[in-house]
Amino acid sequence: MKVVALTGNIGSGKTTVARELERLGAEVIYADELARQARAALAPEICRAFPDACVGGRPDDRRLARRVFADPEARRRLEGMIHPWVRRAVLERLERLAQSANPPELVVLELPLLFETGWNPARDGVLVVAAPEALRARRVAERSGLSLDEFRARDAAQLPQEEKVRRADWVIVNDGDLDALRARVQRWYAEVVREASA
Ligand code: ATP
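Residues numbered from 1 in each chain as written. Predicted model: local features only at pLDDT ≥ 70, side-chain atom pairs only at ≥ 80, totals over all residues.

- As named in an unreviewed UniProt entry, the protein chain is Dephospho-CoA kinase, taken from Oceanithermus desulfurans NBRC 100063.
- Its UniProt record gives the protein chain the following Sequence similarities (unreviewed entry) comment, quoted word for word: "Belongs to the CoaE family." (UniProt positions renumbered as here; feature names shortened; annotations may be inferred.)

Encoded structure:
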């Protein structure tokens, strides 16, 4: 069972790549999904710390994001609650998969903030998805209506894409259409899984 981390900047195509890898047979663990579960599981604690970001006793994702965006101390406090929960959940799932009767050949950990947090439980390498900034901005605008300024603010809060590319073991460049992306993912999967089972 190979364990690979998948990361990249906002709008690069991480989730699209992850879905294609799932279709090819990989098991994908989504950190964002686990973070959502963490916010629900830790609601009482989060709402005690950030009452103005909660509605009806539950954290509201947009309010919470707005609350911590410009306040590094608040962000650290929130991450201090959520990250340990997510990390434990990732390690438990990896352990369960490794112990299962039929472990998958490849487990992919989709960790958007892999390099920023410095936590990398993927022993077999890091796959970075990269795309030109203008394309990422356009795709994100089409998907969620994010303005160019909002896109730039979020992108600037992450490690620059070229730095991620430098630290990657593999890079998939997402500068064509969806068919081109899927073809690149299929090539990468064949390479990595063939190598794993050789
Ligand atoms: P985020 O960091 O915001 O979660 P992401 O890196 O996971 O984004 P995706 O959600 O996979 O990126 O892609 C962003 C948007 O761009 C999606 O709507 C997706 O369908 C679209 N997209 C991704 N790659 C391509 C492509 N090659 N051609 C056209 N659209 C694309």
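Now that the structure has been shown, we can carry on.
1. Let's talk about the sheet that holds strand β7 (residues 170-173)
Okay, step 1: If you trace the 5 strands from one edge of the open sheet to the other, you get β2-β5-β1-β6-β7, paired in parallel fashion. Each end of this open sheet is capped by a strand with a single partner; those strands are β2 (27-30) and β7. Here the average twist between neighbouring strands, direction ignored, is 25°.
Okay, step 2: In this structure, strand β6 (residues 126-130) lies alongside β7, joined through 4 bridges in parallel fashion. Within the sheet, the bridge partner assigned to valine 129 lies in β7 and is isoleucine 172. (Pairing = 2+ DSSP bridges. Helix = DSSP H or I, 4+ residues; strand = E, 2+ residues; numbered from the N terminus. Axes fitted to C-alpha atoms, helices over the stretch in contact; angles between N-to-C directions.)

2. Some details on the domain arrangement of the protein chain
It is common to give the size of an interface as the accessible area that goes away when the parts come together.
Okay, step 1: Annotation of the protein chain at the domain level lists domain 1 (1-26 + 104-198) and domain 2 (32-103).
Okay, step 2: Here domain 1 and domain 2 have C-alpha centroids that lie 22 Å from each other.
Okay, step 3: On the domain 2 side, the residues contacting the 9 residues of domain 1 number 9 residues. (Domains from an automatic or database assignment. Contact = placed C-beta atoms within 7 Å.)

3. What to know about the site of the ligand
Okay, step 1: In the vicinity of the ligand lie 17 residues, with Lys14, Thr15, Thr16, Arg139 and Arg143 positioned nearest.
Okay, step 2: Every element with two or more residues in the shell around the ligand is listed here: α1 (14-24), α7 (133-144) and α10 (178-197). (Near = placed C-beta within 6 Å.)

4. Comments concerning the environment of proline 59
Okay, step 1: On the secondary structure map, proline 59 appears in strand β4 (residues 58-59).
Okay, step 2: We classify proline 59 as buried; it has 24 C-beta atoms within 10 Å.
Okay, step 3: Considered as a pair, proline 59 and proline 104 are 45 residues apart in the sequence and their alpha carbons are 35 Å apart.
Okay, step 4: Ignoring any residue separated from it by four or fewer positions in sequence, one finds proline 59 in contact with Arg39, Ala43, Ile46, Cys47, Ala53, Cys54 and Leu64. (Buried ≥ 20, exposed ≤ 12 C-beta atoms within 10 Å, placed from the backbone.)

5. Quick notes on the confidence of the model for the protein chain
One rule of thumb: low pLDDT means the predicted coordinates there are not for detailed reading.
Okay, step 1: When pLDDT is averaged along the protein chain, the result is 94, and 98% of the positions lie at 70 or above.
Okay, step 2: Reported confidence for the predicted complex is 0.97 by ipTM and 0.92 by pTM. (pLDDT = per-residue confidence, 0-100.)

6. What about the nonpolar core?
Okay, step 1: Membership of the largest hydrophobic core comes to 34 residues, with the highest contact counts inside it found for Val4, Ala5, Leu6, Val108 and Leu109.
Okay, step 2: Only β1 (2-7), α1, α2 (31-41), α5 (72-99), β5 (106-110), β6 and α10 provide two or more residues apiece to this core.
Okay, step 3: Ranked by residues supplied to this core, first place goes to β6 with 5 residues.
Okay, step 4: Both domains that furnish three or more residues to this core are identified here as domain 1 (1-26 + 104-198) and domain 2 (32-103).
Okay, step 5: Excluding its chain neighbours within four sequence positions, the residues that come into contact with alanine 5 are Leu109, Leu111, Leu114, Asn120, Ala122, Val126 and Leu127. (Core = buried A, V, L, I, M, F, W, Y, C linked by C-beta atoms within 7 Å.)

7. Quick notes on the UniProt feature "binding site: ATP" (unreviewed entry) in the protein chain
Okay, step 1: Per the UniProt entry, the sites bearing "binding site: ATP" (unreviewed entry) are Gly11, Ser12, Gly13, Lys14, Thr15 and Thr16 in this numbering.
Okay, step 2: Leave out the neighbours within four places in its chain, and glycine 13 touches Gly8, Val129, Ala131, Asn174 and Leu181.
Okay, step 3: By secondary structure assignment, the location of threonine 16 is in helix α1.
Okay, step 4: The class of threonine 16 is partly exposed, set by 16 C-beta atoms lying within 10 Å.

8. Concerning α2
Okay, step 1: Along α2, the positions that sit buried rather than exposed are Ala31, Leu34 and Ala38. Within α2, the buried residues cover an arc of 60° as seen down the axis, which keeps them to one side.
Okay, step 2: Where the residues of α2 are buried, they touch β2, α5 and β5. (Arc of directions from axis to C-beta.)

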